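# Results of the structural survey
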Amino acid sequence: MQNKNLPNGTRDEFGPQAQIKETIQNKLLSGFKNRGFQKLTTPVIEYSDVFKPLNPDDYRPYQMLDEQGETLVLRPDLTLPVARVMSATGLNLPVKWYYGGDVFRLKKRLSGSYNQLSQAGIEIVGYEGVRAEWECLSVALSECQRLGIPNVTLQLSEAGFVDAVISQLAIPQPTRESLKQALYAKDLSDYNRLCQPLVETEFSEFLREWPWLFGSFDQVMEVVKTLPDNESLKRMIHDLTTTQQFVNNQFPNYRVTVDLSIPSPQVYYTGMVFRGFTEQSADYLFSGGRYDDLLTNFQQVKVPAVGLAFEIDALVQRVPVPESGPQTLIYFDDEQWPQAEQLLHKLGNATLCLTHNFEAAKRLAASTNSKLLDLTKRR
Ligand SMILES: N[C@@H](Cc1c[nH]c[nH+]1)C(=O)O
């Protein structure tokens, strides 16, 4: 007997939801193309080594073996394959890629989340300056605008910030690591205990506020100002500030927040990180960042890169469902096929009725809530 159940974390998609999803995917891909990005398609199956940089707890891949016994995986991420392509082909830089496809991430049973997620994204490879981040954000926010998603909040962050601060604290390495974990987990009792030896230092004011270092840009920057001078921190803050100004000028309707107390969403990010949210839900619409070291996993040379991916399944929940009204069912004789076809294209939201007789056509129209249009003139 055939098993009719689906594997854990997968689903069938049909009806209006599936159609909206297709519309969103097509809109995003054509938006990327119209902005001068080049299409890149990579296989769904890759060698597992490609994904070595990912944290195995968050990105447990589906695995299989090829005929030589090499471990293959269903790709859990779409950025690492781009890095593989870049290092394998030696293409000229800079380059702007776009792609669409599914990623597969094995989640715990009963976690309620899906293991197959659809993404559409861009990767800008070969530009060092913050203008590459601005291009990514322009794509992210203008596409949200085009899709008609209201009240998007852009959250900025910086993958190197936590380590840059912690490395300046006069505490032993294992304590630094514990402090970082306590900060990320918002475990305040542990955090305060670990900060105890630092209360008399120039970091004390900052450390008191750090677990709450998220929200309004200006408020966060007030706290950051209390930190002692440091070149790498200055550069990060400068880039975040100019980026916030850029977004405020280009997209005055979007709220920009900043969070300097969270872990980087991807281990491979090395610089600015950005995510888009709406008020109704905690899952994000897009996520991206700078990853200047990723190509060194595949080659010796360091290459600057920034990218982002839209989470199509999250977008589907936010995009308003268009009111389409009932579909028209066109009933016709075999020899009327050309005429029926013409009408089909003229009407839109119509479909050919393939029943053998008018009675069956009527039953079909009733059961599908369709308008029946009879092209035969016999009745
Ligand atoms: N691959 C990242 C998104 C991204 C694209 N480029 C850079 N980051 C993710 O799935 O979260």
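Residues numbered from 1 in each chain as written. Predicted model: local features only at pLDDT ≥ 70, side-chain atom pairs only at ≥ 80, totals over all residues. Heavy atoms only, no water.

- With an unreviewed UniProt entry as reference, the protein is termed ATP phosphoribosyltransferase regulatory subunit, source organism Lentilactobacillus diolivorans DSM 14421.
- Under the Function (unreviewed entry) heading, UniProt states for the protein: "Required for the first step of histidine biosynthesis. May allow the feedback regulation of ATP phosphoribosyltransferase activity by histidine."
- Here is the UniProt Subcellular location (unreviewed entry) comment for the protein, exactly as written: "Cytoplasm". (UniProt positions renumbered as here; feature names shortened; annotations may be inferred.)

## Section: the overall build of the protein
- Counting its regular elements, the protein contains 12 helices and 15 strands.
- Expressed as lengths along the three principal axes of its C-alpha atoms, the size of the protein is roughly 95 × 55 × 45 Å.
- Each of the 379 residues in the protein was classed as buried or not, and the buried ones make up 46%.
- In the protein, of all internal contacts separated by at least 6 residues, the share reaching a separation of at least 24 is 67%.
- Carbon and sulfur atoms make up 50% of the accessible area of the protein, which amounts to about 20,800 Å² in all. (Helix = DSSP H or I, 4+ residues; strand = E, 2+ residues; numbered from the N terminus. Buried < 20%, exposed > 50% of the residue type's maximum accessible area, 1.4 Å probe, protein only. Contact = heavy atoms within 4.5 Å. Areas by Shrake-Rupley, 256 points an atom, 1.4 Å probe, with all protein chains shown as cover.)

## Quick look at the site of the ligand
- Surveying the vicinity of the ligand reveals 15 residues, the closest of which are Asp-77, Thr-79, Glu-123, Gln-266 and Tyr-269.
- Taking Gln-119, its side chain carries an N or O atom lying 3.1 Å from an oxygen atom of the ligand.
- For the ligand, the accessible surface in isolation is 300 Å², of which the surrounding protein chains cover 99%.
- Taking a 2 Å distance to the grid points as the criterion, the majority of the atoms of the ligand fall inside the largest cavity. (Near = heavy atom within 4 Å. Polar contact = N/O pair within 3.5 Å; in protein donor to acceptor, adjacent residues only side chain to side chain. 1 Å grid on protein atoms, 1.4 Å probe; cavity = no way out; pocket = protein on both sides within 12 Å on 5 of 7 lines; lining within 4 Å. Sits in = over half its atoms within 2 Å of the grid points.)

## Observations concerning the packing of aromatic side chains
- In the structure shown here, the tally under the stated rule is 13 aromatic pairs.
- Here the aromatic rings of Phe-277 and Tyr-284 are separated by 6.5 Å at their centres, their planes lie at 75 degrees, and the arrangement is edge-to-face.
- Given a relative accessible area of 18%, Phe-277 falls into the buried group.
- In this structure Tyr-284 comes out as partly exposed when scored by relative accessible area, which is 22%.
- Plain terms: the ring middles of Phe-332 and Trp-337 are 5.2 Å apart, the flat faces sit at 85 degrees to each other, and that makes the pair edge-to-face.
- Using a relative accessible area of 40% as the deciding quantity, one classes Trp-337 as partly exposed.
- Against the face of Tyr-114 rests Arg-11, its NZ or CZ located 3.8 Å from the ring centre.
- Arg-275 extends its terminal NZ or CZ atom over the ring of Tyr-284, reaching a point 3.8 Å from the ring centre. (Phe/Tyr/Trp six-rings, centres within 6.5 Å; stacked < 30°, edge-to-face > 60°. Lys NZ or Arg CZ within 6 Å of the ring centre and 35° of its normal.)

## Here's the deal with the nonpolar core
- Formed by 70 residues in total, the largest nonpolar core has its most connected members in Leu-156, Phe-161, Trp-210 and Phe-286.
- At 8 residues, helix α3 (residues 131-147) tops the list of elements feeding residues into this core.
- Apart from the residues within four sequence positions on either side, Leu-156 is in contact with Leu-137, Phe-217, Leu-240, Thr-243, Gln-244, Val-256, Thr-257, Val-258, Asp-259, Met-272, Val-273 and Phe-274.
- Counting residues in each nonpolar core, the second largest holds 27 residues, with Leu-80, Ala-83, Val-125 and Val-273 among its members. (Core = buried A, V, L, I, M, F, W, Y, C linked by side-chain atoms within 4.5 Å.)

## Some remarks on the sheet that holds strand β13 (residues 328-331)
- Strands sit in the order β14-β13-β15 across an open sheet of 3 strands; the sheet is parallel. Each end of this open sheet is capped by a strand with a single partner; those strands are β14 (350-352) and β15 (371-374). Taking the axes of each pair of neighbouring strands and ignoring which way they run, one obtains an average angle of 25 degrees across the sheet.
- Relative to β14, β13 runs parallel, the two sharing 3 bridges. (Pairing = 2+ DSSP bridges. Axes fitted to C-alpha atoms, helices over the stretch in contact; angles between N-to-C directions.)

## A word on the sheet that holds strand β2 (residues 45-47)
- The strand order β2-β4-β3 describes an open sheet built from 3 strands, whose pairing is antiparallel. Both edges of this open sheet fall to β2 and β3 (63-65), since each of them pairs with a single strand only. Adjacent strand axes in the sheet meet at a mean angle of 40 degrees, parallel and antiparallel pairs treated alike.

## Regarding the UniProt feature "binding site: L-histidine" (unreviewed entry) in the protein
- The sites that carry the UniProt feature "binding site: L-histidine" (unreviewed entry) are, in the present numbering, Asp-77, Leu-78, Thr-79, Arg-105, Gln-119, Glu-123, Tyr-268 and Tyr-269. Lining the largest cavity, out of the annotated residues just given, are Asp-77, Leu-78, Thr-79, Arg-105, Gln-119, Glu-123, Tyr-268 and Tyr-269.
- Relative to the elements of secondary structure, Leu-78 occurs in the loop between β4 (71-74) and α2 (79-89).
- By relative accessible area, Leu-78 is classed as buried at 3%.
- In contact with Leu-78, other than residues within four places in its own chain, are Thr-42, Tyr-99, Gly-101, Val-103 and Gln-119.
- One can find Gln-119 in strand β6 (residues 116-125).
- Exposure remark for Gln-119: the relative accessible area of 5% places this residue in the buried category.
- In contact with Gln-119, other than residues within four places in its own chain, are Leu-78, Tyr-99, Gly-100, Gly-101, Val-103, Arg-105, Ala-309, Phe-310, Glu-311 and Ile-312.

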